[in-house]
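# Coordinate inspection notes
The residues making up each chain are set out below.
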Amino acid sequence: MRSNLITKWPDKAANRAMLRAVGYKTNDFLKYQIGIASTWSNITPCNNHINILSKAVEYSVNKYCKGTIFNTITVSDGISNGNLGMKYSLLSREIISSSIETVCNAQNFDSIISIGGCDKNIPGCILGMCKVNLPSIFIYGGTILPGKNRTDIVSVFESLGKYYSNKINEKQLLNIEKDSIIGSGSCSGMYTANSMAIAAEIIGISLPNTSLQNAQSINKILNCLNVGKIIFNLLKNNIKINDIINYNSILNALKVISLLGGSTNCILHLLSIANCLNINLTLKDIKKITNNLPTISDLKPSGVYFISDLINCGGIQKFLKFLLEINLLNGDCLTVTGKTLKENLYNVKNNYINKILKNINFPLKKTNQIKILFGNLSINGCVSKISGKEGEVFYGKSKIFNSEEESIEYIYKNKIFKNTIIVIRFEGPKGGPGMREMLTPTSALIGIGVKKDIALITDGRFSGGSHGFVVGHISPEAYDKGEISILKNNDIIMIDTINNNIILFINEKNIIYRKKFFINYSKISFGILNLYRNNVLDSSLGSSFKY
Ligand code: FES
């Protein structure tokens, strides 16, 4: 056992003495040592309940091994969105993964169970487990229920646009604020947390049927109470996380996320996970996948249903079985049960169709919401999300902003003309730094009611709650003198999601000429933001640190 380095032999007396002081008994030193990484925090409803889940996990683990709970930090995207705090959001993924790596290696744990419930701590947990590469399980904290009148966090952001365009008054805004988010759990639509939780289950590192569970439910507690035996089996059979996650399992996850209209953030996170495990996954691979898939789900943000509605309709197991039977998924990928995806689904029926998940032959949208684009405005590639009936091709004139704040001020105070392409730049991984989410400007456009006539492009990224005609992750970013940096007001741009192009209509000579006059509008950064700026990989590689 790896943990013998701190638990066995007379010369480890000092280590054991320390552990006895935190509750270890002599018998515990003979067992596998399991690190339980908890992202519990009172700063956000997404993680508010995770201390209860971690205790249930510890109880389950202690029947077979010895579990020790430790905490990581967390950042709430719902709270940091639209302000400078968001610069720390994607960066928090690196801190969380590094803290898990640090504690697990310093403590010589034999395996890890991590519990996450918010946009960045889910991929943070997964990346941390990948870095240490031990037998590992991820547990999702679960989704929150919708608020009064079927509202949620995105309703609050969008009501701001309505308030500023005088569609609702301050009292109505206050009522939405008070009634939208009640209880614990992750944001309730097919936003980033739920998308990544589904991805975790499909790549095989969560137990089957546990990504779609309400945070405050018996099933979520049962999920935690079931993991002790599972982690013990993984240890006995020495099944590590890199035996489970591979190219095919990541493709499986990407396919399901795309079909369900999931968050564009998953692209960043899955690229990072692949990168961490030396799996050769590129934006071009993802382009091939999303090009050939429709959108079949009516989930929020662009649809009408919440994840809790999908849970009430029976979850996604039947849908996975259907995808397996039409050979869309690779069923041979190993999972934490010690069985393959196909074996896990053996007893599941394939009759999945319901009010939320449509027949794949009669989809909600024939094309996928997520498209990977390339062109002279983004040579390394970018990620678009075309959620509704806005069309597949958008021509427009640029309106340039060098920060999110500039754009928000303009959107709230000015009339925005049809066919405008709002460009928000110097918000990339280095430029921000931190690659902020543009939920506030996209929500403002929706609240004002101009969603169909306006596109928004950025070297930043989007919350899973953003919808409309939006393109993010533009790479190279403005800070790296990417082509987005040379744009001026009223440049003509075409976003063509049929042919996967993003084209700036000026010639090559003019692009080179304009680059001579590059001005860096990025803000001065300090502390860990500066560390991120100096060490982050391009967004086409997932925006992780270069380790
Ligand atoms: Fe945590 Fe949305 S802010 S899941």
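Scope of this entry: the structure provided in the associated data block. (Residues numbered from 1 in each chain as written. Predicted model: local features only at pLDDT ≥ 70, side-chain atom pairs only at ≥ 80, totals over all residues. Heavy atoms only, no water.)

Moving on to the sheet that holds strand β3 (residues 111–116). Read across the open sheet, the 4 strands follow the order β2-β1-β3-β4; overall the sheet is parallel. Pairing within the sheet leaves two strands with one partner each, and these edge strands are β2 (66–71) and β4 (136–140). Direction aside, neighbouring strands of the sheet carry axes that sit 20 degrees apart on average. Note: β3 against β4, 5 bridges, orientation parallel. Opposite Ile115, over in β4, you have Ile139 as the bridge partner. Sheet contacts for helix α3 (residues 50–61): β1 (33–38), β2, β3 and β4; angle to β3, the most-contacted strand, approximately 155 degrees. (Pairing = 2+ DSSP bridges. Helix = DSSP H or I, 4+ residues; strand = E, 2+ residues; numbered from the N terminus. Axes fitted to C-alpha atoms, helices over the stretch in contact; angles between N-to-C directions. Contact = heavy atoms within 4.5 Å.)

Turning our attention to helix α10 (residues 218–225). By the burial criterion, the buried members of α10 are Lys220, Asn223 and Cys224. On an axial view of α10, the arc spanned by its buried residues comes to 95 degrees, and they lie on one face. The elements touched by buried residues of α10 are α3, β4 and α11 (227–236). (Buried < 20%, exposed > 50% of the residue type's maximum accessible area, 1.4 Å probe, protein only. Arc of directions from axis to C-beta.)

On to the pattern of salt bridges. Counted under the stated rule, the structure contains 19 salt bridges. In this structure, Glu405 engages Arg436 in a salt bridge whose closest nitrogen and oxygen atoms are separated by 2.7 Å. Here Arg436 lies in the loop between β8 (420–424) and α20 (439–448) and Glu405 lies in helix α19 (residues 404–413), a separation of 31 residues in the sequence. Connected through salt bridges with shared partners, the residues Asp77, Lys120, Glu437 and Arg461 form a single ionic network. (Salt bridge = Lys/Arg side-chain N within 4 Å of Asp/Glu carboxyl O.)

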